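# Examination of the molecular architecture
Single-letter residue listing:
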Amino acid sequence: ETGVTQSPTHLIKTRGQQVTLRCSSQSGHNTVSWYQQALGQGPQFIFQYYREEENGRGNFPPRFSGLQFPNYSSELNVNALELDDSALYLCASSFRLAGGREETQYFGPGTRLLVL
Amino acid sequence: RKEVEQDPGPFNVPEGATVAFNCTYSNSASQSFFWYRQDCRKEPKLLMSVYSSGNEDGRFTAQLNRASQYISLLIRDSKLSDSATYLCVVGGYQKVTFGIGTKLQVIP
């Protein structure tokens, strides 16, 4: 196991609601990345947090936001949910040296979100 | 053009066969390359990193060709347990991009 945990495992929401997903990174890691994986697609990069700051963002609207805490755990918040937000949301933790390259990402089991 | 392109397959191969997957990437400044394996309804798991010098792990060999901007994965002596989706991953500055994945089905 990677030591990366996510909660909840499954979630059902209705359109227009807001959701918060949580991720605990692997011990020793300082970077968390979030991905959205729709059925039959590869994971799509949402954003990355390094030392509590956003460190890169994919093509997702501002209603997708995040936080990283001093213990390097992280939250993904999605406002005004849309039907197309239904997907598996994956977080991955890694270690990045200051000014250096990011090492391998290790994934949590994901949160399955269904928007009705 | 997609940033990372893979043939989604499926590749149906008999047990014991050798199978190869390729993946192309568009950003020449990309810094890191990986193959991940994803089983149905599970999270991606790292299979191996990919280096210019090539690397081998048992039945799996990965190669990187920076000049042509592609990476490859070779699986020898396929096992039933190799059936999965293989994701090509390319890392750049502040961004990691996954391919759509190539589905492999090993048939008895």
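In this report, the structure presented in the accompanying data block is examined. Predicted model, so just to flag it, every value in this text is computed and none were measured. (Residues numbered from 1 in each chain as written. Chains lettered and ligands numbered in written order. Predicted model: local features only at pLDDT ≥ 70, side-chain atom pairs only at ≥ 80, totals over all residues. Heavy atoms only, no water.)

## As for the overall build of chain A
For chain A, the count of helices and strands is zero helices and 11 strands. Reading the secondary structure of chain A in the N-to-C direction produces β-β-β-β-β-β-β-β-β-β-β. A compact globule built from 116 residues should have a C-alpha radius of gyration of about 13 Å, and chain A, at 13 Å, falls within 12% of that. For chain A, the C-alpha atoms occupy an extent of roughly 40 × 30 × 25 Å along the three principal directions. For chain A, long-range pairs separated by at least 24 residues make up 55% of all intrachain contacts whose partners lie at least 6 apart in sequence. Carbon together with sulfur atoms contributes 50% to the accessible area of chain A, which is approximately 5600 Å² in total. The centroid of the 9 positive side-chain charges in chain A is displaced by 3 Å from the centroid of its 10 negative side-chain charges. (Helix = DSSP H or I, 4+ residues; strand = E, 2+ residues; numbered from the N terminus. Rg over C-alpha atoms; globule rule 2.2 N^0.38 Å. Contact = heavy atoms within 4.5 Å. Areas by Shrake-Rupley, 256 points an atom, 1.4 Å probe, with all protein chains shown as cover. Lys, Arg positive; Asp, Glu negative; His and termini not counted. Charge placed at Lys NZ, Arg CZ, Asp CG, Glu CD.)

## Looking at a nonpolar patch on the surface
There is a patch of nonpolar side chains on the surface, built from Ile12, Leu114 and Leu116 of chain A and spanning about 300 Å² of accessible area. Relative to the helices and strands, Ile12 of chain A is located in strand S2 (residues 10-13). (Patch = residues over 30% accessible without salt bridge, like charges linked within 9 Å, V, L, I, M, F, W, Y side chains within 5 Å. Salt bridge = Lys/Arg side-chain N within 4 Å of Asp/Glu carboxyl O.)

## Section: the interface of chain B and chain A
On the chain A side, the residues contacting the 18 residues of chain B number 21 residues. Carbon and sulfur atoms make up 53% of the surface buried where chain B meets chain A, a total of about 1700 Å² over both sides. Remark: the boundary between chain B and chain A carries zero salt bridges. Taken together, the connections running from chain B to chain A amount to three residue pairs in polar contact (both at pLDDT 80 or more). Broken down by secondary-structure element, the contributors of at least two residues to the side of chain B that touches chain A are strand S4 (32-38), strand S5 (45-49) and strand S10 (95-98) of chain B. (Buried area = accessible area lost by both parts, 1.4 Å probe. Polar contact = N/O pair within 3.5 Å; in protein donor to acceptor, adjacent residues only side chain to side chain.)

## A short note on the sheet that holds strand S8 (residues 70-75) of chain B
Residues and elements named next belong to chain B. Read from one edge of the open sheet, five strands run S1-S3-S8-S7-S6, paired in antiparallel fashion. Single-partner strands in this sheet number two, and they are strand S1 (4-6) and strand S6 (55-57). Adjacent strand axes in the sheet meet at a mean angle of 15°, parallel and antiparallel pairs treated alike. Looking at chain direction, S6 and strand S7 (residues 60-65) are connected through three bridges and run antiparallel. Among the inter-strand pairings, Asn55 is bridged to a residue of S7, identified as Ala62. (Pairing = 2+ DSSP bridges. Axes fitted to C-alpha atoms, helices over the stretch in contact; angles between N-to-C directions.)

## A few points about the packing of aromatic side chains
Residue and element names in this part refer to chain A. Applying the stated rule across the entire model yields 12 aromatic pairs over all chains. Summarising the aromatic geometry, the rings of Tyr35 and Phe107 are spaced 5.5 Å apart at their centres and angled 45° between planes, so their arrangement reads as tilted. Of the two residues, Tyr35 is situated in strand S4 (residues 31-37) and Phe107 in strand S10 (residues 106-107); the sequence distance between them amounts to 72 residues. Assigned by exposure class, Tyr35 and Phe107 land together as buried. Aromatic pair Phe60 and Phe64: ring centres 5.1 Å apart, planes at 65°, arrangement edge-to-face. (Phe/Tyr/Trp six-rings, centres within 6.5 Å; stacked < 30°, edge-to-face > 60°. Buried < 20%, exposed > 50% of the residue type's maximum accessible area, 1.4 Å probe, protein only.)

## Concerning the sheet that holds strand S7 (residues 64-68) of chain A
All names here are of chain A. Pairing is antiparallel in the open sheet, where four strands are placed in the order S1-S3-S8-S7. Strand pairing shows two members of the sheet lacking a second neighbour, strand S1 (5-7) and S7, which therefore form its edges. Direction aside, the axes of adjacent strands within the sheet are offset by 20° on average. Relative to strand S3 (residues 19-24), S1 runs antiparallel, the two sharing three bridges. In the sheet register, Thr5 faces S3, and the bridge partner there is Ser24.

## So, the side chain of Ser73 of chain A
Residue and element names in this part refer to chain A. Counting through the fold element by element, Ser73 comes out in the loop between S7 and strand S8 (74-78). A residue is classified by how much of its surface remains accessible, and Ser73, at 14% relative accessible area, is buried. Looking at Ser73, its side chain comes within polar contact range of the side chain of Asn71, at 2.7 Å.

## Focus on the environment of Ser49 of chain B
Mapped onto the fold, Ser49 of chain B is located in strand S5. Assessed through its relative accessible area of 14%, Ser49 of chain B is described here as buried. Through-space distance from the C-alpha of Ser49 of chain B to that of Phe33 of chain B is 6.0 Å; in sequence the pair is 16 residues apart. Setting aside anything within four residues of it in sequence, one finds Ser49 of chain B in contact with Thr104 of chain A together with Phe33, Phe34, Asn55 and Ala62 of chain B.

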